[in-house]
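Structure assessment
Spelled out from the first residue to the last, the chains are:
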2 protein chains.
Amino acid sequence: MTASPLLVRFDDGDRTMADLLGGKGANLAEMTRMGLPVPHGFTITTQACREYLAKGQVPAELAALVTSAMADLETATGQTFGAGDDPLLVSVRSGARFSMPGMMDTILNVGLTDSSVQALAARGGERFAWDCYRRLVQMYGRTMLGAEAAHLDAAVADACAGAGVADPTALSVGRLMDLVTHQRQVLKEQTGHDLPQDPHDQLRRSVEAVFESWNSPRARLYRAHEGIPEDLGTAVNVVQMVYGNTGPRSGSGVCFTRDPATGSPVPYGDYLQNAQGEDVVNGSRQTVPLAALEALEPTAFDQLMSHLAGLERHYRDLCDVEFTIEDGALWILQTRVGKRSPAAAFVIAADLARHEVITMDEALARVDGHQLESLLHDQFDDQDGLPWVAAGLPASPGASVGEAVFDSDSAVSAAAEGRAVVLVRAETSAEDLPGILASCAVVTARGGLASHAAVVARGFGRTCVTGVEGMAVDEAARQAHLPSGVVIHQGDVLSVDGTTGKLYAGPLPIRPSSVAAALADPSDEAPDAVVARLVGSVRQILAQADSRARLKVLANAETGPQAAQARRLGAQGIGLCRTEHMLLGSRRHLVERVIVGDDRPGALLEIERIAVDELTQILRAMDGLPVVVRLLDPPLHEFLPDCEDLAVQAALEASAGRVDPGLRARLETARRWHQVNPMLGLRGVRLLTVLPELVDVHVRALVAATHGLRADGFDPRPEIMVPLVADPAELAAARTRIRQHLEVPGASGATVPMPIGVMVELPRAALRAGELARLADFFSFGTNDLTQTTWGMSRDDAQTSFLSAYRSSGLLERDPFESIDEEGVGELVQLAIERGRHTKADIGLGVCGEHAGDPGSIHFFARAGVDYVSCSPPRVVIARLEAGRAEVLGGRATTDDTR
Amino acid sequence: MTASPLLVRFDDGDRTMADLLGGKGANLAEMTRMGLPVPHGFTITTQACREYLAKGQVPAELAALVTSAMADLETATGQTFGAGDDPLLVSVRSGARFSMPGMMDTILNVGLTDSSVQALAARGGERFAWDCYRRLVQMYGRTMLGAEAAHLDAAVADACAGAGVADPTALSVGRLMDLVTHQRQVLKEQTGHDLPQDPHDQLRRSVEAVFESWNSPRARLYRAHEGIPEDLGTAVNVVQMVYGNTGPRSGSGVCFTRDPATGSPVPYGDYLQNAQGEDVVNGSRQTVPLAALEALEPTAFDQLMSHLAGLERHYRDLCDVEFTIEDGALWILQTRVGKRSPAAAFVIAADLARHEVITMDEALARVDGHQLESLLHDQFDDQDGLPWVAAGLPASPGASVGEAVFDSDSAVSAAAEGRAVVLVRAETSAEDLPGILASCAVVTARGGLASHAAVVARGFGRTCVTGVEGMAVDEAARQAHLPSGVVIHQGDVLSVDGTTGKLYAGPLPIRPSSVAAALADPSDEAPDAVVARLVGSVRQILAQADSRARLKVLANAETGPQAAQARRLGAQGIGLCRTEHMLLGSRRHLVERVIVGDDRPGALLEIERIAVDELTQILRAMDGLPVVVRLLDPPLHEFLPDCEDLAVQAALEASAGRVDPGLRARLETARRWHQVNPMLGLRGVRLLTVLPELVDVHVRALVAATHGLRADGFDPRPEIMVPLVADPAELAAARTRIRQHLEVPGASGATVPMPIGVMVELPRAALRAGELARLADFFSFGTNDLTQTTWGMSRDDAQTSFLSAYRSSGLLERDPFESIDEEGVGELVQLAIERGRHTKADIGLGVCGEHAGDPGSIHFFARAGVDYVSCSPPRVVIARLEAGRAEVLGGRATTDDTR
């Protein structure tokens, strides 16, 4: 038989063909090759879909290919499609290149008609046959109706209510027959046509409907969010039906080769007796844990365990498997590399590497900084302070506090206003995706660990608790009744612990994650074995990252304790020590005294004394490692009282007939130093022309601290950085002034060699980098300021006034303050590096803006050839991980798209 | 005789050798070739000077070359150097490549000794001989002593005081002898050595002293200001002495081939009987006008007139000539292309072109925008309102008001504080240069039109009045007594009219120059023939500029009258119409109503009505020419009341126990719209996300105005410009919104094709220009904002807080807001042009920042390939001139450095 690019039989494919067969089809073919008990079937390819989408009709040659493949299927199964004594039914399943869980349609039991249902009943019983039929009508109808499918759901709900049962599987045969009649009436009313009674017609329409579902709004939203290209199309798998709903010896399950929440190396999943697959996933009936299957169906269980182990070996990763048991016989219906929680990602990658299933580089490539970041998320500090009001399954770890909302739209609009929200639902479906993305946590009354809510929340790092038994969610009334009697109203604050599955009414205080604590203090013992295993895995992968990284990770710190913390977290020095941070709070008045000239020498001496003390602590904590001290940067008026406050005070004094000359003088000073656009005003190196003494003190203090530590046997490595330089002449002047202080020898008579660098944080500095390099030992890219000036927008103003509107309207894909704008700011960085290196090939290159801690940005900096990034101490481990990944992945995408 | 690069005889050189011979030497050689009565002599070259400056000693071979050249000089003159019955004396004159008037030293009468003075006396009389001797000692001593030369001046002053005479030429022989003795004592005390009594030793030391004077502080300052390279060195001319001080039939003069102040085609100058050249220039004695020479020495006068005409023909330009008459015989001592006032520059260039001495292109190259700008300077409006208190010579035209200061240092420090000052001096010397540069006007008691003060002030475009007879300047007491009895104290405000020579005590109101008025209104008749000639010359040259220019000149305007004025001045359209200007003043409240939402529809309607009216006027005034309308640009809070004012009001109300809800609401609104850095905040295209209606009104108004004018038979050419775009997505969104309004047809049923452009005024817009070009019909470079963001400094803050300090400390050569920063902002402009054209080869390119009216910047934009600049209406003519010059000069320097 000649292979066609439009249709491929399971026997003819393998997992490398995912582009053509979609993920599901490729894996079904792969499992068929492995000899696993996979039903017979074939895949209508993504190319067929693309042709359909482009031309609006099925490719002409497809019909004959399907007819031929169906004939082979009949031969293989010994059944006749939708006819005869033993009718062959098929499932029609979508399956795109990239997993889009729940986004597209699947139709089971295709081939059932008014006549074949009788034959099926004769073989498997009337209840079974009519249950299949009502499912076919439901799924076929849902696919045809799209948004109007609620009418069909209502028909099911009516039938259950009429019978007084919770679930349609509990309906009698008669009621099932009535239900099918009712469903077909709805279908006819809404679409104008009945369920086709020609099985081939059913099949043809089902395939087309799945093609169409590629362009459904929810599928488009998902792809936009996940960055999946629009033009890939989906494959359609046509598979021999096997039945989990023939009775108690049948059932369907979803499982993982390991625990996808913790990474524990034990298969994990849910099983539902007498059910087809959709029943498990949609959480409409309560599942039993996978382990319970051992007692129910020991043979099938043993086979399943063996196959799971085989799949994990074969795929070299956590696998997610769907299976059905039909009268005691096991069928594997689907597998794929499984999604996992961030914690599980680390534990599994490290474990597989330990067992040499994968290399350490692969382990490193399989985790990322966003996952590590979620592990470092805060946890609740004092759960004893507030009794929990309900408990469910810990579906996605984390600890979040937010206002309860009861629908996706409310979640989206509240989030747009900057409020943290918890989405509370009976269960979630694909329509809820925007709401889940907008929420910090999701809570559902129904569903297990593999439910839609759980899978999506884990994938996006949202806290999630599912299966809160007894919780009654009243969406219309916007409230949820808990079994404890507590009622949660919209707007009530909930604390959700995704690690324990507990819910709390009210806000809980928060403390750092145990992973963060363990990483910050190696001597700290892990609270339990799960945490210990996780911390061990993170450490193992971080060590691999460190061994690979070319990009060094330094930290921003202004105090000794911060520096010590950063060093414990693996920082290789301080890349940004902001001298102005030593002058905040109660020390602000010192700068005011310098500005006003009120005992200026005394105030300067006090500032210098403070700086010597702080810098000594920092240099001591970073003994032997570089500490880059930035000269005073902010506009000086930040140290003065607010003009408006003083003006109000002065006006009130005057109206009371009093005159306070001191107040008037302060107001005049504040006005004189007021800047219309402080960000673009008198600050940084520009202070050298106006108050050079205030710049000198920190240079002198750094020299003094260095001399002091040397005398005590330490090895301080200070460096100086000049901020806000636009022109080489400014740097030359600053350098001359700084070097005067550096020539002062210490007690030993020796002077301190101290590299002098320049912040490249203005477009002009980037453009003039060739000349700056002559005067600078290193560049430090201040990407915050560079973003502000390159875009002409200040962070203070942009965020609240228009940037959020830009993002929500899609005008801006990413916030350039969070992730570096490679096309604008990035080009200036690259240009500065090129010009700087052209002048001085070995010039040091660092980054000290917020982007230094952002995973995507770190890869950019690594590619651009930067030597180090300097981020806040808590982000040091994230930066270390990404610095290593940047080397392992090279120019490849920062997330592993094969999963 | 073999030519040496170190020494060249006048017979062997010509004017093309100015690099080697300096300007003076090359012109002396040229005049020698022309057969003019030039004394014999030779030039020690700039190369000799450079070798001296590099090695610190005179080149070894120079001594022999000088000895040989002096021997030839003795042969040619029939005299013996510093010896014999008829001793040869020489002048030793500096002469660099570029004229540095008064900056370097000249020594006359070199070769006089105690013995040769006797021989000279025997030939020319004792008074003459000893006058020469005291001059030699004075000049030689001044050169040796430098800053300590005041001791020598004191000796002269003492001698005059003792004799009761005003001037040393009036001293008796005995007193002259005593003076020489006294001067030589001072010289010995201060330098440790006497005047050498070996003539060759005198000559050698004098040459070295002139070499040294290249590096005097005042010479360095002059070069820095004029942009003359430091490494050129000066030539030294050794010239046979001829004597203007032998008696009444002798004298010295300085003259121009035409009037250097007005350009009138009549030779013009000063003559002083019985004087050597320095007496004329330093203004220590009152000169007579050149015309008076005709009566005194008719033969020499006729010869001089003939030579002046010949020189102007030969040099094809105004020449500046120094001459001496010795016993009735004329000697030409120096010539060069003469400095002239801006008015004279235009009149002379146009006149020479009219007489086909030069081409019109040459005429265009010989004037510049700075000169034209000074002609457009304001004049006093009402001179009748204030009686003049003194009058002198109108040495440099213009009208200036400033505080009187009496020394250079005070002028510099007051100017640094931003105060306008008038420098009042008895006479000025090279030491006063910094003070003249710092002042808006210079007034001297002594000196003629060719005095130091007059020449320097004209060169730098400062208003100047010289020779205010009877004015007694008391520098120590910081006051000047005028003949009228008025006393001017330091700090008193003076009004100085450099066109009439009148001084006024107090400030005079100011009105535009008659040139500006004539250009603005062609029907306006010139007040007199001088103005008429000037205006005619300017028009003639402007017409040539227009015929050459590729760069179009448009204007910025927001009202019909402004647009009409701009058109009269030659603007080819409106390149920037700022819609926000239509909403200032009493209309501000309309925007506030829109923001607050208080009858928003009504306020928007009113804003649209105003805009339709204003835009109709502008489009009508510019009928058939493009009018580029910029959408609302400034931060909206500019239209709201000030937060501080409102807070004070609210606090006062509250303290009085009153509550004004309206006031509180306004304060809250003002606070909500307040921007921390308004320049980087919610403005320009960003308003589209927040208040799109406020952007719409101007688009609708422009469409309505266009339809209206078309219906009336006009040909309006509106264009729209979107400000502050950083990303192509913003422009795409704005374009979509704008185009909706453009689709509204007019009465005729036709829609208006309206080009949509983008302001390139943020670094990111320049970087993304390739993509912006896809969405834009034209780019308009907003170089003000682009400078602010590229440098990270706002004009509001930088000017007062550090930019002036940067300039005075030399950290910044030019204010990047005045003249485009080619290396930073300019690179972004070039890059944007390159990328924009790569996408769309014919994209329109304009500039609408302040730089559009700056001469130097215009040449940059022309080189960069910009299509048009748009400047304020009064600068249109300057821009037109420079646009033409840019083509004529091509890549050459913007000033003609051969003058």
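Conventions used here
Residues numbered from 1 in each chain as written. Chains lettered and ligands numbered in written order. Predicted model: local features only at pLDDT ≥ 70, side-chain atom pairs only at ≥ 80, totals over all residues. Heavy atoms only, no water. Helix = DSSP H or I, 4+ residues; strand = E, 2+ residues; numbered from the N terminus. Contact = heavy atoms within 4.5 Å. Buried < 20%, exposed > 50% of the residue type's maximum accessible area, 1.4 Å probe, protein only. Pairing = 2+ DSSP bridges. Buried area = accessible area lost by both parts, 1.4 Å probe. Salt bridge = Lys/Arg side-chain N within 4 Å of Asp/Glu carboxyl O. Polar contact = N/O pair within 3.5 Å; in protein donor to acceptor, adjacent residues only side chain to side chain. Least-squares fit on C-alpha atoms with pLDDT ≥ 70 in both. Disulfide = S-S within 2.5 Å. Expected span 1.5 Å × (residues − 1). Arc of directions from axis to C-beta. 1 Å grid on protein atoms, 1.4 Å probe; cavity = no way out; pocket = protein on both sides within 12 Å on 5 of 7 lines; lining within 4 Å. Points joined across faces, edges and corners; volume = space filled by probe spheres on them. Nonpolar A, V, L, I, M, F, W, Y, C, P; charged D, E, K, R; others polar. Axes fitted to C-alpha atoms, helices over the stretch in contact; angles between N-to-C directions. Parallel < 35°, antiparallel > 145°, perpendicular 65-115°, else oblique. Left-handed = near helix turned anticlockwise from the far one by under 90°. pLDDT = per-residue confidence, 0-100. Right-handed = clockwise from strand over helix to strand, strands pointing away.

1. With respect to the environment of Asp796(A)
Mapped onto the elements of the fold, Asp796(A) is located in helix H31 (residues 795-808). Through-space distance from the C-alpha of Asp796(A) to that of Met679(A) is 9.9 Å; in sequence the pair is 117 residues apart. Once residues lying within four places of it in the same chain are set aside, the contact partners of Asp796(A) are Met679(A), Val676(B) and Asn677(B).

2. So, the pairing of strand E11 (residues 319-326) of chain B
Residue and element names in this part refer to chain B. Burial runs high along E11: seven of the eight residues are buried. As defined by bridge partners, strand E8 (residues 251-256) adjoins E11 across six bridges and the pair is classed as antiparallel. Across the sheet, the residue bridging to Gly253 is Phe323, located in E11. In terms of strand pairing, E11 meets strand E12 (residues 329-337) through eight bridges, oriented antiparallel. When the bridges of E12 are listed, Glu326 appears paired with Ala329. If you look at the hairpin formed by E11 and E12, you'll find two residues sitting between the two strands, and Asp327 has a positive phi there, around 50°.

3. A short note on the interface of chain B and chain A
With 51 residues of chain B in contact, the opposing surface of chain A contributes 51 residues. Each partner contributes to the roughly 4,500 Å² buried at the junction of chain B and chain A, and carbon and sulfur atoms together form 59% of this total. Broken down residue by residue, the surface that chain B buries against chain A is led by Glu644(B), Leu680(B) and Arg764(B), which jointly contribute 14%. For the pair chain B and chain A, the interface holds eight salt bridges. Here chain B is connected to chain A by 20 residue pairs in polar contact (both at pLDDT 80 or more). Elements that contribute at least two residues to the side of chain B that touches chain A include exactly helix H24 (643-655), helix H26 (687-690), helix H28 (728-742), helix H29 (763-767), helix H31 (783-791), helix H32 (795-808) and helix H33 (825-839) of chain B. Broken down by element, the side of chain B that touches chain A gets its largest block of residues, seven residues, from H24(B).

4. Examining the relation of the copies chain B and chain A
Superposing chain B onto chain A takes a rotation of 179° plus a shift of 0.0 Å along the axis, which leaves an RMSD of 0.1 Å. The transformation just described matches what one would write down for a two-fold rotation axis.

5. A look at the state of the cysteines
Applying the stated criterion across every chain yields a total of zero disulfides over all chains. For Cys132(A), which is in no disulfide, the shortest distance to another cysteine sulfur is to Cys160(A) and amounts to 16 Å. Looking at Cys132(A), the relative accessible area reads 0%, which means it is buried. Cys848(B) carries a free sulfur, and the closest cysteine sulfur to it, the one in Cys871(B), is 11 Å from it. A relative accessible area of 6% means that Cys848(B) is categorised as buried.

6. Observations regarding helix H3 (residues 62-77) of chain B
Residue and element names in this part refer to chain B. Given a rise of 1.5 Å per residue, 16 residues ought to cover 22 Å, and the 22 Å separating the end C-alpha atoms of H3 matches this to within 8%. Here H3 has its buried residues at Leu62, Val66, Ala69, Met70, Leu73 and Thr77. Projected onto a plane normal to the axis of H3, the buried residues spread over an arc of 105° and lie on a single side. Exposed residues pointing more than 90 degrees away from the buried face of H3 are listed as Ala64, Thr67 and Thr75. Two residues or fewer past H3, Gly78 is found with a positive phi of approximately 70°.

7. Re empty space enclosed by the protein
All names here are of chain B. Within this structure, the stated rule accounts for ten cavities of 30 Å³ or more. Its volume calculated, the largest cavity comes out at about 100 Å³. What lines the largest cavity is a set of 13 residues, among which Arg93, Leu108, Met241, Val242 and Leu333 lie closest to the centre. Of all the secondary structure elements, the ones that give two or more residues to the lining of the largest cavity are strand E5 (90-96) and strand E7 (234-240). Class assignment of the residues belonging to the lining of the largest cavity gives a composition of five nonpolar, seven polar and one charged.

8. Digging into the packing of helix H26 (residues 692-711) of chain A against helix H27 (residues 728-742) of chain A
When two helices pack together, their arrangement is given by the angle between the helix axes and the distance between those axes. Residues and elements named next belong to chain A. Look at H26 against H27: their axes get within 9 Å of each other, and the N-to-C directions meet at 40°. Classified by the angle their axes make, H26 and H27 are oblique. Seen along the crossing, H26 lies across H27 with a hand that is right-handed. The segment H26 lies against H27, with Pro692, Asp696, Val699, Arg700 and Val703 engaging Arg737, Ile738, His741 and Leu742. Classifying every residue of the contact of H26 with H27 gives five nonpolar, one polar and three charged.

9. A few points about helix H6 (residues 150-163) of chain B
Residue and element names in this part refer to chain B. Between its terminal C-alpha atoms H6 stretches 20 Å, which fits the 20 Å expected from 14 residues at 1.5 Å a residue. Turning to H6, the residues buried within the fold contact helix H5 (126-145) and helix H7 (173-191). Positioned one or two residues after H6, Gly164 has a phi angle of 70°, which is positive.

10. Focus: the confidence of the model for chain A
Residues and elements named next belong to chain A. Averaged over every residue, the pLDDT of chain A is 89; residues scoring 70 or more account for 96%. Predicted confidence for residues 893-899 stays below pLDDT 50, and this span has 15 contacts to residues more than four positions away or in other chains. Taken together, the chains of this predicted complex give a pTM of 0.79 and an interface ipTM of 0.78.

11. Some words on the pairing of strand E33 (residues 868-871) of chain B
Residue and element names in this part refer to chain B. Residues Tyr868 and Ser870 of E33 are buried on one face, and the alternating residues Val869 and Cys871, pointing to the opposite face, are buried as well. Relative to E33, strand E26 (residues 552-556) runs parallel, the two being bridged by four bridges. From the neighbouring strand, Ala555 faces E33, where its bridge partner is Cys871. As judged from the two bridges shared by strand E32 (residues 844-847) and E33, these two strands associate in the parallel manner. Along E33, the bridge assignment pairs Gly846 with Tyr868. This β-α-β element, E32 to helix H34 (residues 855-864) to E33, shows right-handed connectivity.

12. Remarks on the sheet that holds strand E24 (residues 502-505) of chain B
Across a sheet, strands are paired by hydrogen bonds formed along the backbone, either parallel or antiparallel in direction. All names here are of chain B. The mixed open sheet is built from eight strands, whose spatial order is E14-E24-E23-E16-E17-E18-E19-E15. The open sheet terminates on both sides in strands that have one partner only, identified here as strand E14 (388-391) and strand E15 (393-396). Between one strand axis and the next, the sheet turns through 30° on average, direction left out of account. Of the pairings in the sheet, the one linking strand E23 (residues 493-497) to E24 comprises four bridges and is antiparallel in character. Considered in E24, the bridge of Ser495 is made with Tyr504.

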